[in-house]
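Listed here are the chains, written in short residue letters.
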Amino acid sequence: MNVSLRQLKVFMVVARSKNFSRAGAEIGLTQPAISRCINELEGQLGLRLVDRTTREVALTDAGVTLAGNLDRVLDELEIALLQTHGAEARTTGRVRIGAAPTISATLMPRVLLASQATYPDIALALVDQMQRAVLDSVRAGDVDFGIVVAPQGADDLTTEHLMSEPFCLVCRNDHPLASQGAVHWSELSGENLVLLNQSSGSRPLIDRALTTQKVQGTITQELGHVSTIFRMVQEGLGVSVLPPLALPLPENSTLAVRPLLPAFERNIVLVRRKNRSLSPVAHTVWELIHRVVRERNKGFALTPEQISAASTLAAE
């Protein structure tokens, strides 16, 4: 049997994309070259791996079995080859990171700057997606790893704690609750609530807090972008519950931020595919993110006073 590494890699791209043209575009080969690789691999194995139609490619049972086993094997082979390059492999290359919006907007700029300063030969690509899409990208191998709110029902993924932060209230600065140093969750009863939508990893935690604290509010809007929530609250359409990573407030806004008591926290985690080692360069960035968060937390302890002070940042 004379199966080449190139044939196996081409097969895996076809298995993932389900289309010869898309597979060719991804790895820089023509459609006929892709088809030839698959034919040669099938010939060497004596098995039909794909069923071809005019538009899509479907894996046969043998193809599904091969793809399931081969994905892990190729990952381990690539890591083994990279490790032979020693330190250079850990500080040179491209890393794709998926991150939820509030994390992308506030934490990731710090990570990108730190990476540029410390590891100039690492190219970081940020994939800004809603939480569910980040998890799907991690599972599919479209990103090296992700940064999300600790997910529920994701036993097929490996997570590592990064940081925790309590939810806070965002309201207009002329709202009665803005006159308080801190706000109890129960005081949100009767308020119109403008919240993150269900695709956000924070929303289930916010719902749980509202239920636990018996808040009888009216959810008037469910939105995917924090900037839109700020505008809605600014216009007096309600108040919001957000994590501190959604701050600072927009410049020149008339909004206020107050801590909510008792504290309900969300946990931010790094997430990767289970039983798959990160490449050396991806592991370097994984550790860099931990260092960035530690440095950030040294000067940003989330006390009630500091959360309230965040509401004045835009005006200074």
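Residues numbered from 1 in each chain as written. Predicted model: local features only at pLDDT ≥ 70, side-chain atom pairs only at ≥ 80, totals over all residues. Heavy atoms only, no water.

A few words on the nonpolar core. Core analysis: the biggest nonpolar cluster contains 48 residues, and Val95, Ile97, Phe145, Ile147, Trp185, Leu188 and Ile289 have the highest contact counts within it. Element by element, the count of residues in this core is highest for helix α11 (residues 280-298), at 8 residues. In this structure, this core is formed jointly by two domains, domain 2 (87-164 + 267-300) and domain 3 (168-263), each of which donates at least three residues. Apart from residues lying up to four places away in sequence, Leu188 is in contact with Leu169, Leu177, Leu210, Val215, Gly217, Val239, Val241 and Leu260. Val10, Phe20, Val50 and Leu74 belong to the second largest nonpolar core, which has 19 residues in total. (Core = buried A, V, L, I, M, F, W, Y, C linked by side-chain atoms within 4.5 Å. Buried < 20%, exposed > 50% of the residue type's maximum accessible area, 1.4 Å probe, protein only. Helix = DSSP H or I, 4+ residues; strand = E, 2+ residues; numbered from the N terminus. Domains from an automatic or database assignment. Contact = heavy atoms within 4.5 Å.)

When pLDDT is averaged across the protein, the result is 85; 89% of the residues are at 70 or more. When the criterion is pLDDT under 50, residues 300-316 qualifies, and its contacts beyond four places in sequence or with other chains add up to 31 contacts. (pLDDT = per-residue confidence, 0-100.)

If you add up the space inside the second largest pocket, you get close to 290 Å³. Residue lining of the second largest pocket: 22 residues in total, with Pro101, Thr102, Ala105, His225 and Val226 positioned closest to the centre. Only α6 (101-106) and α10 (226-234) provide two or more residues apiece to the lining of the second largest pocket. Counting residues per element, the lining of the second largest pocket draws most heavily on α6, which supplies 4 residues. Grouping the amino acids of the lining of the second largest pocket by side-chain chemistry returns 11 nonpolar, 9 polar and 2 charged. (1 Å grid on protein atoms, 1.4 Å probe; cavity = no way out; pocket = protein on both sides within 12 Å on 5 of 7 lines; lining within 4 Å. Points joined across faces, edges and corners; volume = space filled by probe spheres on them. Nonpolar A, V, L, I, M, F, W, Y, C, P; charged D, E, K, R; others polar.)

Mapping Asn173 onto the fold places it in the loop between β7 (168-172) and β8 (183-184). When its relative accessible area of 48% is taken as the criterion, Asn173 is described as partly exposed. Taking the C-alpha atoms as reference points, Asn173 and Val257, separated by 84 residues in sequence, lie 8.5 Å from one another.

The next subject is the sheet that holds strand β11 (residues 240-242). Backbone hydrogen bonds are what pair the strands of a sheet, in a parallel or an antiparallel way. If you trace the 4 strands from one edge of the open sheet to the other, you get β8-β12-β7-β11, paired in mixed fashion. Looking along the sheet, the strands with just one partner apiece sit at the ends: β8 and β11. (Pairing = 2+ DSSP bridges.)

Let us look at the packing of helix α1 (residues 5-17) against helix α3 (residues 31-45). Running from amino to carboxyl end, α1 crosses α3 at an angle of 115 degrees, the nearest separation of the two axes being 9 Å. Here α3 runs roughly perpendicular to α1, going by the angle between their axes. Seen along the crossing, α1 lies across α3 with a hand that is left-handed. Listed contacts from α3 to Arg6, Gln7, Leu8, Val10, Phe11 and Val14 of α1 are Ile34, Cys37, Ile38, Glu40 and Leu41. Of the residues assigned to the contact of α1 with α3, the class counts are 8 nonpolar, 1 polar and 2 charged. (Axes fitted to C-alpha atoms, helices over the stretch in contact; angles between N-to-C directions. Parallel < 35°, antiparallel > 145°, perpendicular 65-115°, else oblique. Left-handed = near helix turned anticlockwise from the far one by under 90°.)

Moving on: the packing of α1 against helix α2 (residues 20-27). Put simply, α1 and α2 touch, their axes get as near as 8 Å, and they point 125 degrees apart. The pairing of α1 with α2 is recorded here as oblique in orientation. Taken as a pair, α1 and α2 cross one another with a handedness that is right-handed. Side by side, α1 and α2 meet where Val10, Val13, Val14, Arg16 and Ser17 of the first sit next to Phe20, Arg22, Ala23, Glu26 and Ile27 of the second.

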